[in-house]
Amino acid sequence: MAIERDRLSLRHIRDVEAKALHPFICGRPQLDEFLRADAHNYDAHGLTSTVVVYAAGYGNPVAYFSLTADSVHLSSGERTELGLPFDAPISYYPAVKITKLAVVSPLQRSGLGKVLIELICGIVSTAPFAVRLLTVDALNLDAVLKFYARNGFLENLAQSKERQGQKVRDSILMFKDLYQ
Amino acid sequence: MKPAAYKATPKLSAQASRALLEAVGGVSLSEKRRRELAALAETARQAFARPLPAKAHGH
């Protein structure tokens, strides 16, 4: 069942009691455990900030995502003004990393993940500081990589080649340009 | 020991840096994209302000 944007409610993790998070099951124990046991602490110590997602008709949280400030540093040989049409000798792009993103099992493949990526784009674009890229260390699984690719993320070229060369990675670094 | 909750983004290789520059370097924010992002931001703002579902508990 598709869930529309105007049926979602968002709450910062600090406004959600721990007991409300216990029923959350997305099928990946690490993601479930992070929300239940760690998300409050990571937020309280300024490490990653979690947003809990509710949907009309569902009594428990249906998804969550966590965000952290990030930067994408270019190799020293490629710091050629970021390819900009003016003189700006900057060596990195400001970014925000999606450190966690999970949807409860019954709502996976409902389009909710796509909606969450869109909301994240909106949230980070209104911050009173520059953010050009979203980054994510996507689980190295076809379904996960295809999800992010469908939502405008590109694989880090070097890691993509390594993956094609059968080097095993747990995750693949991917980027999304907020301006495109 | 728990696995890392997230990793730092490593400095890109020369090849990956060039690829990123080619994809992003010459692009500035268009008016169309600015409006799209503004609309998404407003949607997110409304979602933060929207009451929780009636059955939600523990708040």
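Up top you'll find the structure we're talking about.
Below is a short write-up of the structure. (Residues numbered from 1 in each chain as written. Chains lettered and ligands numbered in written order. Predicted model: local features only at pLDDT ≥ 70, side-chain atom pairs only at ≥ 80, totals over all residues. Heavy atoms only, no water.)

**What to know about unusual backbone geometry**
Negative phi values dominate among residues other than glycine, just as trans dominates among peptide bonds. The phi dihedral of Arg109(A) falls on the positive side, at around 70 degrees, and the residue is not glycine. Note on placement: Arg109(A) falls in the loop between strand 4 (92-103) and helix 2 (112-125). (Helix = DSSP H or I, 4+ residues; strand = E, 2+ residues; numbered from the N terminus.)

**Description of the interface of chain B and chain A**
Opposite the 43 residues of chain B that make contact, chain A presents 67 residues. Of the roughly 4,500 Å² buried at the junction of chain B and chain A (both faces included), carbon and sulfur atoms supply 61%. On the chain B side of the interface with chain A, the three residues burying the most area are Tyr6(B), Thr9(B) and Phe48(B), jointly 14% of the side's total. Where chain B meets chain A, there are zero salt bridges. Scanning the region where chain B abuts chain A turns up 19 residue pairs in polar contact (both at pLDDT 80 or more). By residue number, the principal contributor to the side of chain B that touches chain A is helix 1 (residues 14-25) of chain B, which donates eleven residues. Among the residues making up the side of chain B that touches chain A, the classes are represented as 25 nonpolar, eleven polar and seven charged. (Contact = heavy atoms within 4.5 Å. Buried area = accessible area lost by both parts, 1.4 Å probe. Salt bridge = Lys/Arg side-chain N within 4 Å of Asp/Glu carboxyl O. Polar contact = N/O pair within 3.5 Å; in protein donor to acceptor, adjacent residues only side chain to side chain. Nonpolar A, V, L, I, M, F, W, Y, C, P; charged D, E, K, R; others polar.)

**Describing the packing of aromatic side chains**
Residue and element names in this part refer to chain A. For the structure shown, the criterion picks out five aromatic pairs over all chains. With a centroid separation of 6.4 Å and 20 degrees between ring planes, the pair formed by phenylalanine 34 and tyrosine 64 is classed as stacked. In this pair, phenylalanine 34 sits in helix 1 (residues 29-44) while tyrosine 64 sits in strand 3 (residues 63-73), placing the two residues 30 residues apart along the sequence. Pair check on accessibility: phenylalanine 34 and tyrosine 64 agree, each one buried. Through successive ring pairs, a cluster of aromatic residues spans Phe24, Phe34, Tyr42 and Tyr64. Stacked on the ring of phenylalanine 34, the Lys or Arg lysine 100 has its end atom at 5.0 Å from the ring centre. (Phe/Tyr/Trp six-rings, centres within 6.5 Å; stacked < 30°, edge-to-face > 60°. Buried < 20%, exposed > 50% of the residue type's maximum accessible area, 1.4 Å probe, protein only. Lys NZ or Arg CZ within 6 Å of the ring centre and 35° of its normal.)

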